Amino acid sequence: MALVKCPACRTRMSSVAKVCPKCNYSRNPEAEADPEQVKLFQKRLFRDRMYKLRMFSYVAMTITMIGALPMLWDYIQGVEKGSPVILLKHWGIYVVAVGFFLYMVIRFLMVSTKKRYRANLPLDQTRTSPVR
Ligand SMILES: [Zn+2]
């Protein structure tokens, strides 16, 4: 049993396997992969991944808001009472920091996913030097 690379995601898989264990690409072990079909499949993988990342970015934005809204609220209350809250000492700043950090990480992943897709590189493997 030899190992071949999945035509869609390039994970190593058994040469007799009909379906890639990682991305579920179904192939015919006896025939060459149809480039058009592979392209379509990669597009779908890319879309799924971007969709998930977008969902995560909404979660990160929500976390940021959960921290930011009480800060804003307490700040307004403080101003009305004549004793403004110091925002950097508010607990919300930590929540905002975490949410913002997550958001930035997700944005970075989205950009690198797009780049990999455009360069036709595997979406899931990290490579420092892309080999063509
Ligand atoms: Zn695959």
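Draft legend 1. How the structure looks around the overall build of the protein. Of regular secondary structure, the protein possesses 2 helices and 2 strands. What you see in the protein, going N to C, is helices and strands ordered as β-β-α-α. Its C-alpha atoms give the protein a radius of gyration of 23 Å, more than 25% over the compact-globule value 14 Å for 132 residues. The dimensions of the protein, computed from C-alpha atoms along their principal axes, are 80 × 25 × 25 Å. Taking all 132 residues of the protein together, 26% fall into the buried category. Contacts spanning at least 24 positions in sequence make up 42% of the contacts within the protein whose residues lie at least 6 apart. Split by element, the accessible area of the protein, about 9800 Å² in all, is 63% carbon and sulfur.

Draft legend 2. The arrangement of the coordination of the zinc ion in detail. Protein coordination of the zinc ion is provided by C6 (SG), C9 (SG), C20 (SG) and C23 (SG), with donor distances spanning 2.2 to 2.3 Å. Bound by 4 donor atoms, the zinc ion shows angles of 107 to 112° at the metal and therefore tetrahedral coordination geometry.

Draft legend 3. Helix α2 (residues 92-118), seen in detail. For α2, built from 27 residues, the straight-helix expectation of 39 Å at 1.5 Å per residue is met to within 8% by its first-to-last C-alpha distance of 39 Å. Of the positions making up α2, those classed as buried are G92, V96, G99, I106, M110, T113 and R116. Phi for N120, located one or two positions after α2, is positive at around 60°.

Draft legend 4. Layout of the side chain of T64. You can see T64 is positioned in helix α1 (residues 35-81). A relative accessible area of 18% places T64 in the buried class. Here T64 is in contact with V96, G99 and F100, once residues within four sequence places are set aside.

Cut-offs and rules
Residues numbered from 1 in each chain as written. Predicted model: local features only at pLDDT ≥ 70, side-chain atom pairs only at ≥ 80, totals over all residues. Heavy atoms only, no water. Helix = DSSP H or I, 4+ residues; strand = E, 2+ residues; numbered from the N terminus. Rg over C-alpha atoms; globule rule 2.2 N^0.38 Å. Buried < 20%, exposed > 50% of the residue type's maximum accessible area, 1.4 Å probe, protein only. Contact = heavy atoms within 4.5 Å. Areas by Shrake-Rupley, 256 points an atom, 1.4 Å probe, with all protein chains shown as cover. Donors = N, O, S within 2.8 Å, 3.2 Å for Na, K, Ca; no water. Tetrahedral: all angles 85-135°; square planar, octahedral: opposite > 155°, others 65-115°. Expected span 1.5 Å × (residues − 1).

Everything listed is a geometric property; what it means functionally is a separate question.
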